[in-house]
Amino acid sequence: MHKSVAFLMQRDALALQENALTLQRDALALQGNALALQGNALALQGDTLTLYRDALALEGIAKFSSLRINEMLY
């Protein structure tokens, strides 16, 4: 009787270990996805900064053009 109980406990322990390994694998996959998303977010932030810089340059050009037009009109 004791051997069968020990066997059942060992079987349950192995099942729990298998579940733990599965959870660890899933956690690593989620961590990989999170890192990929973080990389995408950083790339988007870089694109945003580039667009902002371009917008500032266009704003400067527009102001300069406006001044030139005003000079020509007056």
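Residue numbers here run from 1 along each chain, matching the order of that chain's written sequence. Per-residue local features of the predicted model are confined to residues with pLDDT of at least 70, and side-chain atom pairs are confined, for both listing and counting, to 80 or more; whole-chain, interface and lining totals are unaffected and use all residues. Hydrogens and water are ignored here; the side-chain numbers use all heavy atoms of the structure.

A. View of the overall build of the protein chain. Numbering of helices and strands runs from the N terminus; a helix is a DSSP stretch of H or I covering at least four residues, while a strand is a stretch of E covering at least two. Across its full length, the protein chain holds one helix and zero strands. With the principal axes as the frame, the protein chain shows a C-alpha extent of 110 × 10 × 5 Å. Within the protein chain, buried positions represent 0% of all 74 residues. Each charge class in the protein chain was averaged separately, 6 positive and 7 negative side chains, and the resulting centres sit 7 Å apart. In this scheme, a residue with accessible area under 20% of its type's maximum is buried, one over 50% is exposed, and one in between is partly exposed, where area comes from a 1.4 Å probe on protein chains only. Counting rule for charge: Lys and Arg are taken as positive, Asp and Glu as negative, and neither His nor the chain ends is counted. To locate a charge, take atom NZ for lysine, CZ for arginine, CG for aspartate or CD for glutamate.

B. A look at a nonpolar patch on the surface. Patch definition: residues with relative accessible area over 30% and no salt bridge; like charges joined within 9 Å; nonpolar side chains (Val, Leu, Ile, Met, Phe, Trp, Tyr) joined within 5 Å. Accessible areas in this description were obtained via Shrake-Rupley with a 1.4 Å probe; residue shielding takes into account the shown protein chains only. Note on definitions: salt bridges are taken to be side-chain nitrogens of Lys or Arg within 4 Å of carboxyl oxygens of Asp or Glu. Together, Ile69, Leu73 and Tyr74 make up an exposed nonpolar region whose accessible area comes to about 430 Å². Owing to a relative accessible area of 80%, tyrosine 74 belongs among the exposed residues under this scheme.

C. Region of the structure containing the pattern of salt bridges. Counted by the stated rule, this structure contains five salt bridges. A salt bridge links aspartate 12 to arginine 11, with the shortest nitrogen-to-oxygen separation between them at 3.7 Å. When its relative accessible area of 42% is taken as the criterion, aspartate 12 is described as partly exposed. The exposure class of arginine 11 is partly exposed, given its relative accessible area of 45%. The salt bridge involving aspartate 26 is made with arginine 25; its shortest N-O contact spans 3.4 Å. Under the relative-accessibility criterion, aspartate 26 is labelled partly exposed at 34%.

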